[in-house]
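# An overview of the molecular structure
Here's the letter readout for the chains.
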Amino acid sequence: MKSYQKNLRLAAHILTGLYFIACIWLYYQQSVAILDESLPSIPYQSDLPLHISMVIEDGWYYSFTAYAYQLLYWACGGNTIGIAVFLAAVTAATVYVTELLVCRLWKRAADGVTLMLSLSLNFVMPVYLSFVGEFRYVSYQSGNIWHNSTYLCMRLMALLTLLYYFKLEETYRQGISVREWATFALLNILCTGIKPSFLLVYSPIVGVFLVADVIHKTPWRRVIAFGSALLPSGLVLLWQNQVLFGEDTGNGITFQPWYTFSLHASIVKGAAVCSVLFCALVVCVKVRELIRERSSVFILLMSVLGFLEAVCLVESGSRSVDGNFLWGYSFCIFVLFALCAVKWLQMGKGRTRGMGKLLLSAVYAWHLYCGLYFFISLVTGASYWMR
């Protein structure tokens, strides 16, 4: 068994290395792609050229990634290869940080299974039914996205922040050190500075849990000390709000339920279900177990809030069709898949459970196939608008 686990983990490392190399190619091609809207299809279409030009040509800094892009562009003599390698490193690192989350949720030491599962979680995408949604990504909602660089960076930092939150949440009632507070605050600041979407779906749930702790007689000073670590990231959010929604931008936030979801889907609610079909089935089967675990309840509540924000909130003005409130929900989907995959693999034996596990395996494989097909298509030149 030890030899099997060792070989499986080695295979997962090799596959992750190949993934890293493929991402360098993909992100470099995206970075130099010409976004000519007169073409019927734009090879390697993504948001990356726009993110780079906003920094290099326009000097518009709304995300901390802009400073990294500026430095890497300068260090590489005006070439975007440094940016591509940086984003590929972020993408590969996400596989290993995903494993940390898997191991925490599973209460299992890292081995071949945990790393291979984590690698697969970085590819799962919505199950694709053309009559439900025409476009494999745009018509649905996904936790794995390769065309938006700020989401890629935010996802990595959000995973680290969430993991550190889970760690402190277990011990803060006995006290939190200055070092722990500063580390937690810094993680929240960096994640929010990259993209504020995570803070919007995560901080309200942190607040709910802190209120619950107060009700259960946790000392106020412990709760305030822990919760105050989120306050500095609120200042970053105010800065971003001014940049993105200031009076001179003409942009705002409106309440329009299902507007964003309906832009590119034929069966809107069907597309929403297809996006998380595996997760929905696992939650139905394992709901009693899930609601007994604090980390599972946190992820479920965060996912519900992320869904409500994505389905109800829309930017007004020039970005009304951009779907920028989807990013927080996308991260929630990513984490929800990790939780549900762990619960799926923990299912016990028995005829009924065996049949259920087999069905869930088929659905997970369907999600994984759709993601691998989409990623390979992107690497070979497809646009993220592909059918």
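Here, every reference points to the structure presented above.
Described below are features of the structure shown in this document. (Residues numbered from 1 in each chain as written. Predicted model: local features only at pLDDT ≥ 70, side-chain atom pairs only at ≥ 80, totals over all residues. Heavy atoms only, no water.)

For the rest of this paragraph, the subject is the overall build of the protein chain. Secondary structure summary: the protein chain contains 15 helices and 2 strands in total. At 21 Å, the protein chain has a C-alpha radius of gyration in line with the 21 Å of a compact globule built from 387 residues. Along the first, second and third principal axes, the C-alpha set of the protein chain runs to 55 × 50 × 45 Å. Long-range contacts, defined as pairs at least 24 residues apart, comprise 75% of the intrachain contacts of the protein chain with a sequence gap of at least 6. Per element, the accessible surface of the protein chain, about 17600 Å² overall, is 67% carbon and sulfur. Between the mean site of the 27 positive side-chain charges and the mean site of the 19 negative ones, the protein chain shows a separation of 19 Å. (Helix = DSSP H or I, 4+ residues; strand = E, 2+ residues; numbered from the N terminus. Rg over C-alpha atoms; globule rule 2.2 N^0.38 Å. Contact = heavy atoms within 4.5 Å. Areas by Shrake-Rupley, 256 points an atom, 1.4 Å probe, with all protein chains shown as cover. Lys, Arg positive; Asp, Glu negative; His and termini not counted. Charge placed at Lys NZ, Arg CZ, Asp CG, Glu CD.)

Once that is clear, we can look at the side chain of S383. Mapping S383 onto the fold places it in the segment after α15 (351-379). Ignoring anything within four residues of it in the chain, the contact list for S383 reads I42, Q45 and L378.

With that settled, the discussion passes to unusual backbone geometry. In most cases, non-glycine residues show a negative phi, while peptide bonds are predominantly trans. A positive phi angle is found at Y44, which is not glycine, with a value near 55°. You can see Y44 is positioned in the loop between α1 (2-31) and α2 (48-56). The phi dihedral of K107 falls on the positive side, at around 55°, and the residue is not glycine. What makes K107 exposed here is its relative accessible area of 71%. (Buried < 20%, exposed > 50% of the residue type's maximum accessible area, 1.4 Å probe, protein only.)

On to the packing of aromatic side chains, then. Scanning the model with the defined rule gives 32 aromatic pairs in all. Each member of the aromatic cluster is reached from another via a ring pair, and the members are Y164, Y165, F166, Y172, F184, F198, Y202, F209, F226, F298 and F331. Note that R155 overlies the ring of F334, its terminal NZ or CZ placed 4.8 Å from the centroid. (Phe/Tyr/Trp six-rings, centres within 6.5 Å; stacked < 30°, edge-to-face > 60°. Lys NZ or Arg CZ within 6 Å of the ring centre and 35° of its normal.)

With that settled, consider helix α5 (residues 112-121). An α-helix turns once per 3.6 residues; consequently, residues spaced three or four apart project the same way. Counting buried positions along α5 gives 8 out of 10 residues, so the element sits mostly inside the fold. Along α5, the residues classified as buried are G112, T114, L115, L117, S118, L119, S120 and L121. For α5, the side-chain oxygen to backbone nitrogen distance between the N-cap and V113 is 3.0 Å, and the N-cap itself is D111. (Polar contact = N/O pair within 3.5 Å; in protein donor to acceptor, adjacent residues only side chain to side chain.)

The subject of this paragraph is the packing of helix α8 (residues 197-215) against helix α13 (residues 294-312). Remark: α8 packs on α13, axes separated minimally by 9 Å, with the N-to-C direction vectors making an angle of 135°. In terms of orientation, α8 and α13 fall into the oblique class. When the axes of α8 and α13 are compared, the crossing they make is right-handed. On the side of α8, the interface is formed by F198, L200, V201, Y202, P204, I205, V206, F209 and D213, while α13 contributes R294, V297, F298, L301, M302, L305, G306 and E309. Residues of the contact of α8 with α13, tallied by class, amount to 13 nonpolar, 1 polar and 3 charged. (Axes fitted to C-alpha atoms, helices over the stretch in contact; angles between N-to-C directions. Parallel < 35°, antiparallel > 145°, perpendicular 65-115°, else oblique. Left-handed = near helix turned anticlockwise from the far one by under 90°. Nonpolar A, V, L, I, M, F, W, Y, C, P; charged D, E, K, R; others polar.)

This brings us to α8. End to end, α8 covers 29 Å across 19 residues, agreeing with the expected 27 Å (1.5 Å per residue, within 8%). Along α8, the residues classified as buried are S197, F198, L199, V201, Y202, I205, V206, F209, L210 and D213. Of the residues one or two after α8, K217 is the one with positive phi, at around 75°. (Expected span 1.5 Å × (residues − 1).)

On to the pattern of salt bridges. All told, the structure shown has 12 salt bridges when counted by the stated rule. The salt bridge involving D213 is made with R173; its shortest N-O contact spans 3.2 Å. Taken as a pair, D213 in helix α8 and R173 in the loop between α6 (149-171) and α7 (178-194) lie far apart in primary sequence, 40 residues in all. Residue class for R173 comes out partly exposed when judged on its relative accessible area of 24%. (Salt bridge = Lys/Arg side-chain N within 4 Å of Asp/Glu carboxyl O.)

Turning our attention to the state of the cysteines. Scanning the entire structure with this criterion turns up 0 disulfides. Residue C153 stays outside any disulfide, its sulfur separated by 10 Å from that of C191, the closest cysteine. Given a relative accessible area of 5%, C153 falls into the buried group. With a relative accessible area of 1%, C191 lands in the buried category. (Disulfide = S-S within 2.5 Å.)

To continue, consider the nonpolar core. Side chains of nonpolar character tend, in soluble globular proteins, to be buried together. Judged by nonpolar contacts, the single largest core of 106 residues is most densely connected at Y27, W146, Y202, F278, F298, M302 and F331. A per-element tally of this core places helix α14 (residues 326-345) first, with 15 residues. (Core = buried A, V, L, I, M, F, W, Y, C linked by side-chain atoms within 4.5 Å.)

With that settled, consider the environment of T65. In this structure, T65 sits in helix α3 (residues 65-75). The class of T65 is buried, set by a relative accessible area of 6%. When the C-alpha positions of T65 and V285 are compared, they lie 40 Å apart, and in sequence the two are 220 residues distant. Once you skip the residues sitting within four places of it in the chain, T65 turns out to touch T150, C153 and I194.

Another aspect to go through is the environment of Y202. Looking at the element boundaries, Y202 is found in helix α8. Beyond its immediate stretch of four places on either side in the chain, Y202 contacts T161, L162, Y165, F184, N188, L230, F298 and M302.

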